[in-house]
Amino acid sequence: MFEDLLPEIRSRFPRLEYDYLGHSRVFLDNGAGSMVLGEAARAEYEARLNYAAEHDAPAEESAEAGKVILKGRRAVADLLNAEEAESIVSGESATSLLFNLAYAVFRTLRAGGNIVTTEYEHYANVSPWLELKSRGFVDEVRFARFNPETYELDVDHLASLVDSRTRIVSVTGASNLLGSITPLEEVGKIARERGSIFVVDGVHLMPHYPVDVQTIGCDFLVFSAYKLFCRFGSFMYGRKEALEGLEPYKVEPAPERAPWRWEHGNRDPALFAAIAAVADYYEWLGERVGVEPKGFTGSGRRLKIKAAQTAIREYEVKLSRRVLKGLDELGGKLKLYGPSDPSKADVRVPTFSFTVEGVENRRMVERLWREHSVFVREENFYSRAVKSLGVQGVIRASFAHYNTPQEAEKLLGSLKSLI
Ligand SMILES: Cc1ncc(COP(=O)(O)O)c(C=O)c1O
């Protein structure tokens, strides 16, 4: 059982039990940035120290820097089941990768038409497209709505917005505020049928789900390493033809080939070393859980990684079910923004946003921390969803696979006593 592995899993994250001051706490701010895997921090440190020389020179330390970068690209390709290491572009953040993608679209395609996204996006997947509208490149950015009761994406509405003039369909894999999962395969089919470029913001989905770019059938997918047990950096998968078909901004001497022509400036081997350690961790976990990922045809390391991601997903659905039941038992004062039916916990990731009647969000978050050592956060989370919800901000408790059922109980008990 996954639960039996939790002590071992948790021991791999040195700051999970206690913060650097020795303060024991329940860390539920994973949606903002996860805990760092010990091996990822160590790999990063070693790469910084040992492979500080620039790659592409004959000296060993330089050659090694190049190897580490390639290893990191391979690791990301393994995590996503991408075709090859060259499908992986690195960047500073998901936001900068999406802006870069939008500029490449602007440079390459003819103007006109529309872009379709959703009402529950992070602005990283809104502002780049609005930028194209403000420059007159597209006539419209259209927002597919979510159901105000179930908080699930209204796929029929999205389908009605996509037409022959839709250049891009760009959706998040999971809302970082509502926790709702987007049915990516369905949306991808709609995008492909109309000949649109299909982009996925995988930032909030990646830590929770067996993401497989080939099954999703996307042209591009971005995610951020600092939400996936590293501390910095982001990656973009691009289908070969998609990476080669667009013309990103680049300096003249930079290579013409992907992924290098998409990358601005020098690469940091430490970023690649850290994500490679994360892929190793998934491989280890896959061996331990022994789960069969249904329908996955890959083998070897990729199969183990998929097994780990699948086991994480199954465990987190159970965790969500428990949290949803507990939140419901707290009564009407607590308003949850996101799918709430415990029997349908599989439509969401374990990200729970709420407000408490008569209590300021900030005050609640402070009391949860000071009186109960529960680390959650309140804000608007840069989410377009707040507009549709008509709120300024929410309190968000976001779990990761290393959070235990006892921690879920601690959150629920703390909320109960404060309410
Ligand atoms: C769903 C989603 N997309 C994009 C981002 C932005 O990521 P980055 O900070 O790497 O630009 C976030 C960050 O919270 C997010 O949750």
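Residues numbered from 1 in each chain as written. Predicted model: local features only at pLDDT ≥ 70, side-chain atom pairs only at ≥ 80, totals over all residues. Heavy atoms only, no water.

### A closer look at the UniProt feature "domain: Aminotransferase class V" (unreviewed entry) in the protein chain
Point 1. UniProt records the feature "domain: Aminotransferase class V" (unreviewed entry) at residues 26-284 and 310-411, using the numbering of this structure.
Point 2. Split by type, residues 26-284 is 39% helix and 15% strand. Its first and last C-alpha atoms lie 25 Å apart. (UniProt positions renumbered as here; feature names shortened; annotations may be inferred. Helix = DSSP H or I, 4+ residues; strand = E, 2+ residues; numbered from the N terminus.)

### What to know about the site of the ligand
Point 1. Surveying the vicinity of the ligand reveals 14 residues, the closest of which are Thr95, Asp201, Ser224, Tyr226 and Lys227.
Point 2. One of the side-chain nitrogen or oxygen atoms of asparagine 176 is found 3.4 Å away from an oxygen atom of the ligand.
Point 3. With the chains in place, 90% of the 390 Å² that the ligand exposes on its own is no longer accessible.
Point 4. Along the lines of polarity and charge, the residues of the shell around the ligand split into four nonpolar, eight polar and two charged. (Near = heavy atom within 4 Å. Polar contact = N/O pair within 3.5 Å; in protein donor to acceptor, adjacent residues only side chain to side chain. Areas by Shrake-Rupley, 256 points an atom, 1.4 Å probe, with all protein chains shown as cover. Nonpolar A, V, L, I, M, F, W, Y, C, P; charged D, E, K, R; others polar.)

### Describing helix α5 (residues 127-134)
Point 1. Taken as a whole, α5 has its buried residues at Pro128, Trp129 and Leu132. Seen along its axis, α5 keeps its buried residues to an arc of 100 degrees; they face one direction.
Point 2. The secondary structure elements touched by the buried residues of α5 are α4 (94-108), β3 (114-118), β4 (140-144) and β5 (166-172).
Point 3. Note on α5: the residue one or two positions beyond its end, glycine 136, has a positive phi of about 80 degrees. (Buried < 20%, exposed > 50% of the residue type's maximum accessible area, 1.4 Å probe, protein only. Arc of directions from axis to C-beta. Contact = heavy atoms within 4.5 Å.)

### Observations regarding the side chain of serine 87
Point 1. Structurally, serine 87 can be placed in the loop between α3 (60-80) and β2 (88-91).
Point 2. Residue classification places serine 87 among the buried positions, given a relative accessible area of 2%.
Point 3. Excluding residues within four positions of it along the chain, serine 87 makes contact with Ala82, Met236, Tyr237, Gly238 and Leu243.

### So, the pattern of salt bridges
Point 1. Within this structure, the stated rule accounts for 34 salt bridges.
Point 2. Linking glutamate 44 and arginine 48 is a salt bridge whose minimum nitrogen-to-oxygen distance equals 3.1 Å. Taken together, the positions of glutamate 44 and arginine 48, both in helix α2 (residues 38-50) and four residues apart, correspond to about one turn of that helix.
Point 3. The residue aspartate 268 makes a salt bridge to arginine 48 at a minimum N-O spacing of 3.1 Å. Of this pair, aspartate 268 sits in the loop between α9 (240-245) and α10 (269-289) while arginine 48 sits in helix α2, and the two are 220 residues apart along the sequence. (Salt bridge = Lys/Arg side-chain N within 4 Å of Asp/Glu carboxyl O.)

### Looking at the layout of surface pockets
Point 1. Empty space within the largest pocket amounts to approximately 730 Å³.
Point 2. Lining the largest pocket we find 28 residues, and of these Glu185, Tyr209, Pro210, Thr215 and Arg313 sit closest to its centre.
Point 3. Elements that contribute at least two residues to the lining of the largest pocket include exactly α7 (184-193), α8 (213-216) and α11 (300-329).
Point 4. Its residues assigned to classes, the lining of the largest pocket comprises 12 nonpolar, seven polar and nine charged. (1 Å grid on protein atoms, 1.4 Å probe; cavity = no way out; pocket = protein on both sides within 12 Å on 5 of 7 lines; lining within 4 Å. Points joined across faces, edges and corners; volume = space filled by probe spheres on them.)

### Here's the deal with the pairing of β3
Point 1. Most of β3 sits out of view: five of its five residues are buried.
Point 2. Sheet topology places β3 next to β4; five bridges connect them, and they run parallel. The residue of β4 that forms the bridge with valine 116 is arginine 142.
Point 3. Taken together, β3, α5 and β4 form a β-α-β motif whose crossover is right-handed. (Pairing = 2+ DSSP bridges. Right-handed = clockwise from strand over helix to strand, strands pointing away.)

### Description of the packing of aromatic side chains
We describe a pair of aromatic rings using the distance from one ring centre to the other and the angle between the two ring planes.
Point 1. Summed over all chains, the structure comprises 19 aromatic pairs.
Point 2. Measuring from ring centre to ring centre gives 5.5 Å for phenylalanine 13 and phenylalanine 229, while their planes differ by 70 degrees; the resulting arrangement is edge-to-face. Residue phenylalanine 13 is located in the loop between α1 (2-11) and β1 (26-27), and its partner phenylalanine 229 is located in the loop between β7 (220-224) and β8 (234-238); the two are separated by 216 residues in the primary sequence.
Point 3. When its relative accessible area of 1% is taken as the criterion, phenylalanine 13 is described as buried.
Point 4. Given the relative accessible area of 1%, phenylalanine 229 is considered buried.
Point 5. Taken together, the ring pairs connect Phe13, Phe229, Tyr281, Tyr282, Trp284 and Tyr402 into an aromatic cluster.
Point 6. Directly above the aromatic system of tyrosine 249 lies the positively charged group of arginine 107, at a separation of 5.0 Å from the ring centroid.
Point 7. A cation sits over an aromatic face here: arginine 384 above phenylalanine 143, 4.2 Å from the ring centre. (Phe/Tyr/Trp six-rings, centres within 6.5 Å; stacked < 30°, edge-to-face > 60°. Lys NZ or Arg CZ within 6 Å of the ring centre and 35° of its normal.)

### Points about the environment of valine 171
Point 1. Examined against the element boundaries, valine 171 turns out to sit in strand β5.
Point 2. Valine 171 sits 171 residues away from proline 342 along the chain, and the two C-alpha atoms are 25 Å apart.

### Comments concerning the domain arrangement of the protein chain
Point 1. In terms of domains, the protein chain is made up of domain 1 (2-36 + 315-418) and domain 2 (43-278).
Point 2. Of the residues lining the interface, 36 residues belong to domain 1; the matching set on domain 2 comes to 29 residues.
Point 3. Where domain 1 touches domain 2, the interface holds 17 residue pairs in polar contact (both at pLDDT 80 or more). (Domains from an automatic or database assignment.)

### Some remarks on the environment of alanine 277
Point 1. Tracing the backbone shows alanine 277 in helix α10.
Point 2. Classification of alanine 277 by relative accessible area gives buried; the value is 10%.
Point 3. Considering only alpha carbons, one finds alanine 277 and glycine 38, 239 residues apart in sequence, at a separation of 9.0 Å.
Point 4. Excluding anything up to four places from it in sequence, alanine 277 contacts Leu37, Glu39, Ala40 and Ala43.

### Focus on empty space enclosed by the protein
A water-sized probe, rolled over the atoms, reveals where empty space remains.
Point 1. Enumeration over the complete set of coordinates arrives at two cavities of 30 Å³ or more.
Point 2. When grouped by side-chain class, the residues that make up the lining of the largest cavity number five nonpolar, seven polar and one charged.
Point 3. In this structure, the lining of the largest cavity is formed jointly by two domains, domain 1 (2-36 + 315-418) and domain 2 (43-278), each of which donates at least three residues.
Point 4. Here the second largest cavity is characterised by a volume of approximately 40 Å³.

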